[in-house]
Amino acid sequence: MKTVLFNLTDSELEQFVVDMGLPRFRAKQIREWLNRGAPNFSVMKNLPIDLREKLATVADTMPVKIIKKLESSDNQTTKFLLELNDCEQIECVLMRTTYGNSVCVSSQAGCAMGCKFCASTLLGLKRNLTTNEMFAQVLTAQWELRGDKLKDIRPNGDANNNDVSHIVVMGTGEPLQNTQNVIGFLEQANKELNISWRRITVSTCGIIPGIDALNAWGRPINLAISLHAPDDELRTQIMPVNNRFKIKEVLDAAFRFSDNHNRQLMIEYILLGKKNSDGVIELFNATPEHAEKLSDLIRGHNVMVNLIPWNTVDERDFASISGNAVHRFQDILIKNGIHTRIRRERGADIGSACGQLRLKNAQK
Ligand code: SF4
């Protein structure tokens, strides 16, 4: 297996170049390229061509390698299928928005949580990602935005058009089953890329010890809870994690976090339909009664509900509901004084729902 230079410490990298019979300053040159997310050695223009070729025979630059890149038709979303050194695959998505450039990062290869609407869990959990494997996803997006141009150093950390400004840990995997590596990665992103805590979101299906660990960590990031149902009976049908952690306890832990950090709690709620035996689509978790129950759970707290119209996954047994039904659900939340928005579907034409690209590649 080739050495991944990004994973080496500065002194290890120096030793590596010395062992190759090269002068020590080459280590510093290579490190600068690695810190920018250089996907290979051929882009390292200040190294002689024969050295770049030699390096490529014995080493890789980053711990993730792009094996597929898809661009949405509006050019606002880029989805990467990435390969890790042990050939596991993960996904990462770059979203160019009006408020900045956001990267959706995977925290595990696969997922053990078994949510019934999700493609990421269909192949089970392979393993946790390392801190570097998560950070390298952000650098991959940064390279996509900036290429080999030098990064501006902006002391106030403001986003410009060519920088990653936001991170959401909402890709494949349950971040709070890999909490310490996720925390290490976010510390790195904050320190090295100057991404402020308030522009970082971690999304969980409700692992209470993990929420408590984030609370103890003490950084004012945003927390998102994938709720997707307003009562335990319905939630257990689609999210096995609910057998272990019930809605009320999960929300209590989440409110503790958001109150302690003075942050608005995000609730993620996918609106699902299901075909009955006559082929008619019925509302699964999106009736007016469900909207009222959801309101009762969160009324009086500082919460934003993100309503997410279902993004079709062929292997999953759900159906999209009508725009009218989505708006009816939202209207009830608004009437009850709940902050809510409908999440714009991004990159539907490139399968941006979590895990779809990885699954399709594995099925080939
Ligand atoms: S929704 Fe999240 S937690 Fe649930 S199976 Fe998919 S990746 Fe895992």
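Everything numeric here is computed off the predicted structure, so don't read it as measured data.

Caption draft 1: Representation of the pattern of salt bridges. All chains considered together, the criterion is met by 16 salt bridges. Here Asp231 makes a salt bridge to Lys293, at a shortest N to O gap of 2.8 Å. Here Asp231, found in the loop between strand E11 (222-226) and helix H7 (232-238), pairs with Lys293, found in helix H9 (residues 288-298); they are 62 residues apart in sequence, far enough to count as distant. Under the relative-accessibility criterion, Asp231 is labelled buried at 18%. Residues Lys335 and Glu292 are paired through a salt bridge, measuring 2.8 Å at the closest nitrogen-oxygen approach. Note that Lys335 is positioned in helix H10 (residues 323-335) and Glu292 in helix H9, a separation of 43 residues in sequence. Owing to a relative accessible area of 28%, Glu292 belongs among the partly exposed residues under this scheme.

Caption draft 2: View of the site of the ligand. Inspection of the region around the ligand gives Cys111, Met113, Gly114, Cys115, Cys118, Ser120, Thr121 and Gly173 as its neighbouring residues. When its residues are assigned to classes, the shell around the ligand shows four nonpolar, four polar and no charged.

Caption draft 3: Looking closely at the nonpolar core. The biggest cluster of nonpolar side chains holds 109 residues, and the ones touching the most others in it are Phe117, Ile167, Phe185, Leu186 and Val305. In terms of residue count, helix H4 (residues 131-146) provides more of this core than any other element does, eight residues in total. In contact with Val305, not counting residues within four places along its chain, are Ile267, Tyr269, Leu294, Ile298, Leu333, Ile338, His339, Thr340 and Arg341.

Caption draft 4: Just the state of the cysteines, in detail. Tallied over the full model, the rule gives zero disulfides. The thiol sulfur of Cys92 is not disulfide-bonded, and the nearest other cysteine sulfur, from Cys104, lies at 7.5 Å. What makes Cys92 buried here is its relative accessible area of 0%.

Caption draft 5: Summary view of the packing of helix H5 (residues 179-193) against helix H6 (residues 208-217). Viewed as axis vectors pointing N to C, H5 and H6 meet at an angle of 35°, and their least axial separation amounts to 11 Å. Regarding H5 and H6, the two cross each other, and that crossing is right-handed. Contacts from Thr179, Ile183, Leu186 and Glu187 in H5 reach Gly210, Ala213, Leu214 and Trp217 in H6. Here the contact of H5 with H6 is composed, by residue class, of five nonpolar, two polar and one charged.

Caption draft 6: The arrangement of the pairing of strand E12 (residues 265-271) in detail. In terms of burial, E12 is a largely internal element, seven of the seven residues being buried. On E12, burial covers both faces: Leu265, Ile267, Tyr269 and Leu271 on one face and Met266, Glu268 and Ile270 on the other are all buried. Both E11 and E12 contribute to a ladder of three bridges, which runs parallel. By the bridge assignment for E12, Ala224 is matched with Met266.

Caption draft 7: Focus on the packing of aromatic side chains. One pass over the structure, following the stated rule, counts six aromatic pairs. Each ring, one from Trp197 and one from Trp217, has its centre 5.4 Å from the other, and the planes form 85°; the classification is edge-to-face. Of this pair, Trp197 sits in the loop between H5 and strand E10 (200-204) while Trp217 sits in helix H6; the two residues are 20 residues apart in sequence, bridging distant segments of the chain. Each of the two residues, Trp197 as well as Trp217, counts as buried. Through a chain of ring-to-ring contacts, the aromatic side chains of Phe284, Trp310 and Phe318 assemble into a single cluster.

Caption draft 8: Focus on the side chain of Asn215. You can see Asn215 is positioned in helix H6. Taking the relative accessible area as the measure of exposure, Asn215 reaches 15% and is therefore buried. In terms of polar contacts, Asn215 uses its side chain to reach the side chain of Asn260, at 3.0 Å.

So, how was this worked out
Residues numbered from 1 in each chain as written. Predicted model: local features only at pLDDT ≥ 70, side-chain atom pairs only at ≥ 80, totals over all residues. Heavy atoms only, no water. Salt bridge = Lys/Arg side-chain N within 4 Å of Asp/Glu carboxyl O. Helix = DSSP H or I, 4+ residues; strand = E, 2+ residues; numbered from the N terminus. Buried < 20%, exposed > 50% of the residue type's maximum accessible area, 1.4 Å probe, protein only. Near = heavy atom within 4 Å. Nonpolar A, V, L, I, M, F, W, Y, C, P; charged D, E, K, R; others polar. Core = buried A, V, L, I, M, F, W, Y, C linked by side-chain atoms within 4.5 Å. Contact = heavy atoms within 4.5 Å. Disulfide = S-S within 2.5 Å. Axes fitted to C-alpha atoms, helices over the stretch in contact; angles between N-to-C directions. Left-handed = near helix turned anticlockwise from the far one by under 90°. Pairing = 2+ DSSP bridges. Phe/Tyr/Trp six-rings, centres within 6.5 Å; stacked < 30°, edge-to-face > 60°. Polar contact = N/O pair within 3.5 Å; in protein donor to acceptor, adjacent residues only side chain to side chain.

Remember, this is a structural readout, not a statement about activity or role.
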